[in-house]
Amino acid sequence: MTGAGIFGSLHGAIGRIGLGASGASEAPSFWLPGAASTTAEGVDRVFALIYGIALVFFLLIVALMVVFVVRYRRRPGRETGEGPSHNTFLELAWTIVPLALVVVIFWQGFRTFLDLATPPANAYEILVNGQKWKWTFTYPNGYVDERLHVPVDTPVRLVLSSEDVIHSFFVPSFRVKMDAVPGRYTKSWFRATKPGEYDVFCAEYCGTSHSDMRTTVVVHVPGEFEKWLEGASNLLAKLPPAEAGARLYTTRGCAQCHSVDGRSGTGPTFKGLFGHPVRLREGGSVIADENYLRESVLAPDAKVAAGYQPVMPTYKGRLKDAEITAIIEYLKTLEK
Ligand code: CUA
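A short tour of the structure in this document, coming up. (Residues numbered from 1 in each chain as written. Predicted model: local features only at pLDDT ≥ 70, side-chain atom pairs only at ≥ 80, totals over all residues. Heavy atoms only, no water.)

### Examining a nonpolar patch on the surface
Thought 1: Residues Val56, Phe57, Leu60, Ile61, Leu64, Met65, Val67, Phe68, Tyr72 and Val97 make up a contiguous nonpolar surface patch of roughly 900 Å² in combined accessible area.
Thought 2: By residue number, the principal contributor to the nonpolar patch is helix 2 (residues 39-71), which donates 8 residues.
Thought 3: Taking the relative accessible area as the measure of exposure, Phe68 reaches 44% and is therefore partly exposed. (Patch = residues over 30% accessible without salt bridge, like charges linked within 9 Å, V, L, I, M, F, W, Y side chains within 5 Å. Areas by Shrake-Rupley, 256 points an atom, 1.4 Å probe, with all protein chains shown as cover. Salt bridge = Lys/Arg side-chain N within 4 Å of Asp/Glu carboxyl O. Helix = DSSP H or I, 4+ residues; strand = E, 2+ residues; numbered from the N terminus. Buried < 20%, exposed > 50% of the residue type's maximum accessible area, 1.4 Å probe, protein only.)

The structure is reproduced here in structure tokens:
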């Protein structure tokens, strides 16, 4: 088999497992989901390059090892003599070839890194916040959602931060991964190429429910994103308070810890809570009326229910008064 033949078959094999040298593919491969952003191309190219080089050398080394073991094994009449101690050609080859490969890998990686690190100036900005254990996304008009909605074919810049520990915002289909670090901002960006829904994961172990820290990116077709944002951010104006409250319950993180079906979670269930006595951690009890619920949203540590840890973050500054009222109205509908 000629060198070109070997390389051709290898290239074919690499292509079959989805690592064509042409870069990102919209079809899912053995390794990665289908690419859905412009960033994917560079990342996939570098991945394919390193993978290809590793594969070629793996096969070459293993094949030579087998050949040499068989061919130069110890046999009677073929005693070992003095081996060569120096070979200038070989020594130059094993220095220059890896050096060239490393330079190519560095160049491709650095180029892609610069692309990933430099959002276009006109990018649409969305704030991303990680906390144990959910993501929230704040849009330029102040609306907060638990899913990331973006317009297709538009550069979107993410400014990430964290409430507590390090999380990592990861969208496999976009090949975007960036840490969310408490006490500082990190940035990332992408341009989605295909409308649809894509998985978001947390890629940094952040505690018990790390693996549940998932959400979705919704990529809207042209024109739909603005409509969605306007509708979504107008909850209180559009819906009766209790219904708006039900929506806020799921979108603003209450549902993460408080069930509405009587099951006990990180926090007490909301079912049958309103108007009933709550036993407190430090003894005594209190009636769960409007004022107690409001206080529990704004100063969760003040009166913690018995049997629960004081782990709820305050929603001061994150929920408007009208939103808290709507949530309380929703709680009133959850009879025992
Ligand atoms: Cu957040 Cu893992």
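### Details of the environment of Gly83
Thought 1: As for its placement among the helices and strands, Gly83 is situated in the loop between helix 2 and helix 3 (88-117).
Thought 2: Sequence-wise, Gly83 and Glu226 are 143 residues apart; in three dimensions their C-alpha atoms are separated by 75 Å.

### Here we look at the layout of surface pockets
Thought 1: Approximately 780 Å³ is the volume found for the largest pocket.
Thought 2: Lining the largest pocket are 37 residues; nearest its centre among them are Cys257, His258, Gly267, Pro300 and Met312.
Thought 3: Elements with a minimum of two residues in the lining of the largest pocket: helix 7 (290-298) and helix 8 (321-332).
Thought 4: Its residues assigned to classes, the lining of the largest pocket comprises 24 nonpolar, 8 polar and 5 charged.
Thought 5: One number sums up the size of the second largest pocket: a volume of about 530 Å³.
Thought 6: If you go around the second largest pocket, you meet 27 residues; those closest to its centre are Thr138, Gly142, Val144, Arg252 and Arg318.
Thought 7: Breaking the lining of the second largest pocket down by element, the ones donating at least two residues are strand 1 (124-131), strand 2 (134-138), strand 5 (155-162) and helix 5 (235-238).
Thought 8: Of the residues assigned to the lining of the second largest pocket, the class counts are 12 nonpolar, 9 polar and 6 charged. (1 Å grid on protein atoms, 1.4 Å probe; cavity = no way out; pocket = protein on both sides within 12 Å on 5 of 7 lines; lining within 4 Å. Points joined across faces, edges and corners; volume = space filled by probe spheres on them. Nonpolar A, V, L, I, M, F, W, Y, C, P; charged D, E, K, R; others polar.)

### Examining the packing of helix 6 (residues 241-251) against helix 8
Thought 1: Running from N to C, helix 6 and helix 8 point in directions that differ by 100°, and their axes come no closer than 7 Å. As summarised for this structure, helix 6 and helix 8 are arranged roughly perpendicular, according to the angle between their axes. The segment helix 6 lies against helix 8, with Pro241, Ala242, Ala244, Gly245, Ala246, Leu248 and Tyr249 engaging Glu323, Ala326, Ile327, Glu329 and Tyr330.
Thought 2: When its residues are assigned to classes, the contact of helix 6 with helix 8 shows 9 nonpolar, 1 polar and 2 charged. (Axes fitted to C-alpha atoms, helices over the stretch in contact; angles between N-to-C directions. Parallel < 35°, antiparallel > 145°, perpendicular 65-115°, else oblique. Contact = heavy atoms within 4.5 Å.)

### A few points about the pattern of salt bridges
Thought 1: For the coordinates displayed, the defined rule picks out 11 salt bridges.
Thought 2: Between Arg147 and Glu197 there is a salt bridge, and its shortest N-O distance comes to 3.6 Å. With Arg147 in the loop between strand 3 (144-145) and strand 4 (148-151) and Glu197 in strand 9 (residues 196-202), this residue pair connects regions lying 50 residues apart in the sequence.
Thought 3: Residues Glu323 and Arg252 are paired through a salt bridge, measuring 3.3 Å at the closest nitrogen-oxygen approach. Here Glu323, found in helix 8, pairs with Arg252, found in the loop between helix 6 and strand 11 (277-279); they are 71 residues apart in sequence, far enough to count as distant.

### Considering the side chain of Arg252
Thought 1: Take Arg252: its relative accessible area is 8%, and that puts it in the buried class.
Thought 2: Within the local environment of Arg252, its side chain forms a polar contact with the backbone oxygen of Arg318, the two atoms lying 2.3 Å apart.
Thought 3: There is a polar contact of 3.3 Å between the side chain of Arg252 and the side chain of Glu323.
Thought 4: Look past the residues within four positions of Arg252 in its chain and what remains in contact with it is Lys134, Val144, Glu146, Tyr315, Arg318, Leu319 and Glu323. (Polar contact = N/O pair within 3.5 Å; in protein donor to acceptor, adjacent residues only side chain to side chain.)

### A closer look at the sheet that holds strand 8 (residues 186-191)
Thought 1: Pairing is mixed across the open sheet formed by 5 strands, whose spatial order is 3-2-1-5-8. In this open sheet, the two edge strands, each paired with only one partner strand, are strand 3 and strand 8.
Thought 2: In terms of strand pairing, strand 5 meets strand 8 through 6 bridges, oriented antiparallel. In the strand pairing of strand 8, Val156 is matched with Phe190. (Pairing = 2+ DSSP bridges.)

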